[in-house]
Every structure is written in C-alpha cells, then in structure tokens.
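A closer look at the structure
The residues making up each chain are set out below.
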Amino acid sequence: SSQALNVNVSGLNEAPVFTSPASETFAEQGAGIAYRGVATDPEGSPLLWQLSGDDAGLFTLNGAGELSFVHAPNFEAPADSDQDNVYRVVVTAGDGLETSSRPVLITGTNVNEAPFVTSAAAGTAGEHSTAGFH
C-alpha cells in the first residue's frame, strides 16, 4: 500500500551577517556619519540596531545603522574612554530573534587648524621705547 505525504521543510532563523568594516577613521571637528554598520538578514527581515561599548555614549545610532558623534571630536582633547583618539563601540544588528555584534574602532584624525591670536587687540608703547607687544 502507499500513502501520499506532504513534507514541509522550514528553515531555521539565522543571525544577521555584517559586511561593514571593523574600523573607520573620522576627522576631528567633522560632522555627519562617522561609521555605517552594514548587515543583512538571511531571511530578509528588517534589522534593529543597538549600540554598546566603552564609548557608546559619545554617539547616536539611527535606524539605518549609522553612527554620528553627539559632539564633534577634538583631536587635541580626546573624549574617548582612554583618551587615545580611538573610540571603541559595539554595533549590534538583530532581526527580532537573532543578533550579531561587530566591535568597531573609530579613530579620530588630526586636522590642520588655523592659528588663533591670544594677545590683546591693542597696546601702547612710548616713543623710542623698546617695549614689545604681547
């Protein structure tokens, strides 16, 4: 005897896969996106993004996985946790069931800035004097 069977094969949910790099550079005093997290979900589910790590509080993370500094970084006065101009964060992408995390290093770079004058705007010296203006 024989009997017809229907077999349903369902796949397991897989975690998102990162394709973005694990490091990036960002020029001091810059504005805009410092890092773009790029990941895809094998099942095509939309991704939810989270941010953690030593320096996470210095960034905002939008729904597209893009990180921006809350305040533009200053190379001469680094704000990262160990003050070495290397900001350490962990970007996590999730599909609602599974997550993947990517440790990321964002290195601040120095920009040649215009000098600024700190002396007074005016000064006086007597005639035939050797006084200098500071």
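The text that follows walks through the structure, step by step, so that each part is easy to find. (Residues numbered from 1 in each chain as written. Predicted model: local features only at pLDDT ≥ 70, side-chain atom pairs only at ≥ 80, totals over all residues. Heavy atoms only, no water.)

**Description of the sheet that holds strand β6 (residues 59-61)**
Strand pairing within a sheet occurs via backbone hydrogen bonds; the two strands may be parallel or antiparallel. The criterion, for reference: When DSSP finds two or more bridges between a pair of strands, those strands are recorded as paired. Runs of H or I in DSSP of at least four residues are treated as helices and runs of E of at least two as strands, each being numbered from the N terminus. Only the stretch in contact is used when a helix axis is fitted, and all axes are lines through C-alpha atoms; the angle between N-to-C directions ranges over 0 to 180 degrees.
In spatial order, the strands read β3-β7-β6; together these three strands make up an open sheet with antiparallel pairing. Of all the strands in the sheet, just β3 (33-36) and β6 have a single pairing partner and so form its edges. In this sheet, neighbouring strand axes are inclined to one another by 25° on average, regardless of whether the strands run parallel or antiparallel. Two elements, β3 and strand β7 (residues 66-69), share three bridges in a ladder whose sense is antiparallel. Note that in β7 the partner of Tyr35 across the bridge is Leu67.

**Focus: the environment of Glu24**
Worth spelling out the cut-off: Here, two residues are considered to be in contact whenever any of their heavy atoms come within 4.5 Å of each other.
You can see Glu24 is positioned in strand β2 (residues 23-27). Separated by 69 residues in the primary sequence, Glu24 and Ala93 place their C-alpha atoms 18 Å from one another. Those residues in contact with Glu24 that sit more than four places away from it in its chain are Ala34, Tyr35, Leu105, Ile106 and Thr107.

**Regarding the sheet that holds strand β5 (residues 48-52)**
Strand order in the open sheet made by the four strands is β2-β9-β8-β5, with mixed pairing throughout. At either end of the open sheet lies a strand with only one pairing partner, and these are β2 and β5. For this sheet the average axis-to-axis angle between neighbouring strands, irrespective of direction, equals 30°. Examined bridge by bridge, β5 and strand β8 (residues 86-94) share five bridges and lie antiparallel to one another. Within the sheet, the bridge partner assigned to Leu48 lies in β8 and is Gly94.

These figures capture arrangement, not role.
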